[in-house]
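Descriptive structure summary
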Amino acid sequence: MLSNRQVSPGFYLLSAELPDSIPAIRAGQFCMLRSWDTIPVLSRPISVFDAEGNRVFFLYKTVGRGTAMFSRLKPGDPITIQGPLGNGFPDIAGRIAMVGGGAGIAPLYLGAKQYKAAGCTVDLYLGFSGAAFLTEEYREIADRVTVNVGGFITDTIDPSGYDAIFTCGPEIMMKALREKCKSGDRLFVSLEARMACGVGACYGCSRKTAAGNKKVCKDGPVFPAEEVFDL
Ligand code: FES
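Here goes a summary of the coordinates provided. (Residues numbered from 1 in each chain as written. Predicted model: local features only at pLDDT ≥ 70, side-chain atom pairs only at ≥ 80, totals over all residues. Heavy atoms only, no water.)

It is worth spelling out the pattern of salt bridges at this point. A complete count under the given rule lists 10 salt bridges for this structure. One salt bridge in this structure joins Asp-143 and Lys-116, with 2.9 Å as the shortest N-O distance. With Asp-143 in the loop between α3 (135-141) and β9 (144-149) and Lys-116 in helix α2 (residues 106-117), this residue pair connects regions lying 27 residues apart in the sequence. Across the pair Asp-123 and Arg-144 runs a salt bridge whose closest N-O atoms are separated by 3.3 Å. With a gap of 21 residues between them, Asp-123 in strand β8 (residues 121-128) and Arg-144 in strand β9 connect regions that are remote in the sequence. Taken together, the shared-partner salt bridges connect Asp-50, Glu-52 and Lys-113 into one network. (Salt bridge = Lys/Arg side-chain N within 4 Å of Asp/Glu carboxyl O. Helix = DSSP H or I, 4+ residues; strand = E, 2+ residues; numbered from the N terminus.)

Set out below in structure tokens:
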């Protein structure tokens, strides 16, 4: 592990070096992280925030024992990283909006960078329940950034102006966005799930969708919104 800093109470940005053999990371993918041998047993799925060369960054929130252990890591401490895993955001051209809440803003950073590099226009909508953080970093890589603190970030977006919208964060926020979208709007959601294996082997992250049961770790974490919310 190379660095680990608190960016806001309960939120940390961790970076680590990956071996050269790791495939290129696609925004929206995640890694399974662990900094312990046997307890608390399962690795934790954490979204990739950024990737530069073989350096990878993770933005995470301390929500339990595993992430609390990550928050105490110091540079040089060992960490095991498995990944990148999952499908990531799809290739889409045009005008894109990315809507994130809390730790759900994490995949939008690399997402905005990669879509901008592909020639898209990218507007970001970032929602925070407490103080906002990393907003300057997001402003540097997007065309427009809208920040909402303590309210509903979904109130600030007009979905009709975009070729595609991506969202990540609390399901209540993603569902509110789904309800705001009209039938022709393309909305993709990045789901969170408790995971054991992270590679599609255990069914621990299985989720009912309109297209049958899907594994969030392998079939997702990014799904068309209508597949997971319109059941
Ligand atoms: Fe094992 Fe998804 S976590 S199948």
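Our next topic: helix α4 (residues 171-180). For α4, the complete set of buried residues consists of Met-173, Met-174, Leu-177 and Arg-178. The buried side chains of α4 occupy one side of the element, clustering within an arc of 140° when seen end-on. Residues Ile-172 and Glu-179 are exposed on α4 and point more than 90 degrees away from its buried face. Contact partners of the buried residues in α4: β7 (95-101), β10 (164-168), β11 (187-190) and α5 (225-229). (Buried < 20%, exposed > 50% of the residue type's maximum accessible area, 1.4 Å probe, protein only. Arc of directions from axis to C-beta. Contact = heavy atoms within 4.5 Å.)

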